[in-house]
Amino acid sequence: LRRAGGAAACPAAAALADWPMWYEESLDGRLAPQGRRDMEQLARRMAARFPALFAARRRLALASSSKHRCLQSGAAFRRGLGPTLDFGGDEVEVEVNDSLMRFFDHCAKFVALVEENDAAMCQVNAFKEGPEMKKVLEKVASALCLPVEELNADLVQVAFLTCSYELAIKNVTSPWCSLFSEEDAKVLEYLNDLKQYWKRGYGYDINSRSSCVLFQDIFQHLDKAVEESKSYKPISSPLIVQVGHAETLQPLLALMGYFKDDEPLLASNFARQAQRKFRSGRIVPYAANLLFVLYHCEHANASQEEYQLQLLLNEKPLSFLHSNDTTSTYADLKDYYKDILQNCHFKEECELPAVNVTAVDEL
């Protein structure tokens, strides 16, 4: 844009050529101040919602991925609970657990056949070259008085992300946003959803199957709490907070069967997917969270109704797929997910086939 000159004829280009680049290398992978505030406020809302769980002298078990922004998120969450809660002083021991929070890194089959395999992203690449993106490219090029050949889908996506980062991190409407209409934004949202779908969602089985190690871990904690409760023992870990990534949560929700559309997201069905369930921006926004809340119902009519569970996604109740209710008996839920709990073996699932397979059909 700076090279192109001709600013007088092109006010949009002039505004962007003068735009101050505030994003520095040092910010890469770090939690923004807004992210810290989000986590502190989330902790406060949780404590207000579940006062008995967050009562003083309750034990908080905090695990995180090794990434700096996750460790900072965990620390911000802890800070949000304030000094009134005696969780072993201010410095709660944060356990780094990448095998749970970054299971995808430890899954050879996923890494080789999806993460590092360009062929696995063929739908994403096709959409970048498709008619919808072409139209956006032409509009952006025209607004900037640039020949369309100078732009490509990746550059336009960076411009769109810059617009969204300034809004999210600084709460300002960036001049980059002026390049896009709502219609363009829907196309760029779909491009991102396509990537999430094929890399972290329903695109390939291994995406979600690799998360079963985390799913099983969650149920082991719940089982232990039920067992302790039945034996009238104090619950040893009443509150477990695990801090991971959008890439941790998206596959887990796919494993559980949430946000699955009748037909896959493809480069060719943008218009048909206008009402799709799989919208990663709504499923895993900033500070996304999934809660498994276990209740002990002392006045239950039958023993199997004594333990009930509720799921909250981003603080809103999530209906169970087996009942369409927002509460389920723990026994029913375990029965519904019996196959994953018993038959998903991370080591076997993640082993690469003996033959050097590069074909995506394998997935």
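Please refer to the structure placed before this passage.
Residues numbered from 1 in each chain as written. Predicted model: local features only at pLDDT ≥ 70, side-chain atom pairs only at ≥ 80, totals over all residues. Heavy atoms only, no water.

Novice: I would appreciate a short explanation of the overall build of the chain in the present structure.
Specialist: Helix and strand counts for the chain stand at 16 helices and 7 strands. Overall size of the chain, expressed as C-alpha extent along the three principal axes, is 75 × 50 × 35 Å. Each of the 363 residues in the chain was classed as buried or not, and the buried ones make up 44%. Across the chain, every contact between residues at least 6 apart in sequence was considered, and the portion connecting residues at least 24 apart equals 71%. Here the chain displays about 19,500 Å² of accessible surface, and carbon together with sulfur accounts for 51% of that area. (Helix = DSSP H or I, 4+ residues; strand = E, 2+ residues; numbered from the N terminus. Buried < 20%, exposed > 50% of the residue type's maximum accessible area, 1.4 Å probe, protein only. Contact = heavy atoms within 4.5 Å. Areas by Shrake-Rupley, 256 points an atom, 1.4 Å probe, with all protein chains shown as cover.)

Novice: Even after reading the chapter, I still don't get the sheet that holds strand E2 (residues 94-96), so can you show me in this structure?
Specialist: Within a sheet, neighbouring strands are paired by backbone hydrogen bonds and run either parallel or antiparallel to one another. Spatially, the 3 strands line up as an open sheet ordered E2-E1-E3, and their pairing is parallel. Of all the strands in the sheet, the pair left with one neighbour each is E2 and strand E3 (239-243). Direction aside, neighbouring strands of the sheet carry axes that sit 25° apart on average. Where strand E1 (residues 60-64) meets E3, 5 bridges bridge the pair, whose relative direction is parallel. Paired with Leu60 across the two strands is Leu239, which belongs to E3. (Pairing = 2+ DSSP bridges. Axes fitted to C-alpha atoms, helices over the stretch in contact; angles between N-to-C directions.)

Novice: So what exactly am I meant to see when it comes to the state of the cysteines here?
Specialist: Should the sulfur atoms of two cysteines be covalently bonded, the bond is a disulfide. Going through the model one piece at a time under the given rule, you end up with 4 disulfides. One disulfide bridge connects Cys10 with Cys145, the sulfur atoms lying 2.0 Å from each other. The sign of the 95° torsion about the S-S bond sets the Cys10-Cys145 disulfide as right-handed. Separated by 135 residues along the polypeptide, Cys10 in the segment before helix H1 (11-17) and Cys145 in the loop between helix H7 (131-143) and helix H8 (153-170) bring together distant segments of the chain. Look at Cys145 and you get partly exposed, because its relative accessible area is 44%. Left without a disulfide partner, Cys70 is nearest to the cysteine sulfur of Cys107, which lies 19 Å away. (Disulfide = S-S within 2.5 Å.)

Novice: Hey, could you run me through helix H9 (residues 182-199) in this one?
Specialist: An α-helix turns once per 3.6 residues; consequently, residues spaced three or four apart project the same way. Look at H9: 26 Å from first C-alpha to last across 18 residues, which is about the 26 Å you get at 1.5 Å a residue. Considered for burial, the residues of H9 that qualify are Asp184, Val187, Leu188, Tyr190, Leu191, Asp193, Leu194, Gln196, Tyr197, Trp198 and Lys199. (Expected span 1.5 Å × (residues − 1).)

Novice: How should the packing of helix H2 (residues 33-49) against helix H3 (residues 68-80) be read in this particular structure?
Specialist: Think of two packed helices as two axes; the pair is described by the angle between the axes and how far apart they sit. Between H2 and H3, the least distance of the axes is 7 Å, while the angle of their chain directions is 45°. The angle between H2 and H3 places the two elements in the oblique class. As H2 runs across H3, the sense of the crossing is right-handed. From H2, Arg36, Met39, Glu40, Leu42, Ala43, Arg44 and Met46 reach across to H3, where they touch Gln72, Ser73, Ala76, Phe77, Arg79 and Gly80. Residues belonging to the contact of H2 with H3 are distributed by class as follows: 6 nonpolar, 3 polar and 4 charged. (Parallel < 35°, antiparallel > 145°, perpendicular 65-115°, else oblique. Left-handed = near helix turned anticlockwise from the far one by under 90°. Nonpolar A, V, L, I, M, F, W, Y, C, P; charged D, E, K, R; others polar.)

Novice: Where do I start with the side chain of Asn97 in this structure?
Specialist: Its location among the elements puts Asn97 in the loop between E2 and helix H4 (98-101). One polar contact links Asn97 to Ser99, side chain to side chain, over a distance of 2.8 Å. (Polar contact = N/O pair within 3.5 Å; in protein donor to acceptor, adjacent residues only side chain to side chain.)

Novice: Could you clarify how one ought to interpret the side chain of Gln273 in this entry?
Specialist: Counting through the fold element by element, Gln273 comes out in the loop between helix H12 (246-255) and helix H13 (280-283). By relative accessible area, Gln273 is classed as buried at 3%. The contact partners of Gln273, leaving out residues within four places of it in the chain, are Tyr190, Asp261, Glu263, Pro264, Leu265 and Arg279.

Novice: How should the packing of aromatic side chains be read in this particular structure?
Specialist: Each aromatic ring pair is summarised here by two numbers: the centre-to-centre distance and the angle between the ring planes. Evaluation of the coordinates by the stated rule reveals 18 aromatic pairs. Judged by centre distance (5.5 Å) and plane angle (80°), the rings of Phe103 and Phe104 are edge-to-face. With respect to class, Phe103 is no different from Phe104; both count as buried. Above the plane of the ring of Phe104 lies Arg200, whose end atom (NZ or CZ) is 4.7 Å from the centre. (Phe/Tyr/Trp six-rings, centres within 6.5 Å; stacked < 30°, edge-to-face > 60°. Lys NZ or Arg CZ within 6 Å of the ring centre and 35° of its normal.)

Novice: What am I meant to see in the pattern of salt bridges here?
Specialist: If the charged atoms of two oppositely charged side chains come close together, the side chains can form a pair. In the structure shown here, the tally under the stated rule is 15 salt bridges. Here Glu115 makes a salt bridge to Lys199, at a shortest N to O gap of 3.5 Å. Of the two residues, Glu115 sits in helix H5 (residues 108-115) while Lys199 sits in helix H9, which places them 84 residues apart along the sequence. Glu115 sits in the partly exposed class, given a relative accessible area of 31%. Among the ionic pairs, Asp223 bridges to Lys334, the shortest N-O distance being 2.9 Å. With Asp223 in helix H11 (residues 212-230) and Lys334 in helix H14 (residues 330-336), the pair connects residues that are 111 residues apart, well separated along the chain. Judged by its relative accessible area of 27%, Asp223 falls in the partly exposed class. On the basis of relative accessibility, which here comes to 29%, the residue Lys334 falls in the partly exposed class. Where salt bridges share partners, they join Glu189, Asp193, Arg276 and Arg279 into one cluster. (Salt bridge = Lys/Arg side-chain N within 4 Å of Asp/Glu carboxyl O.)

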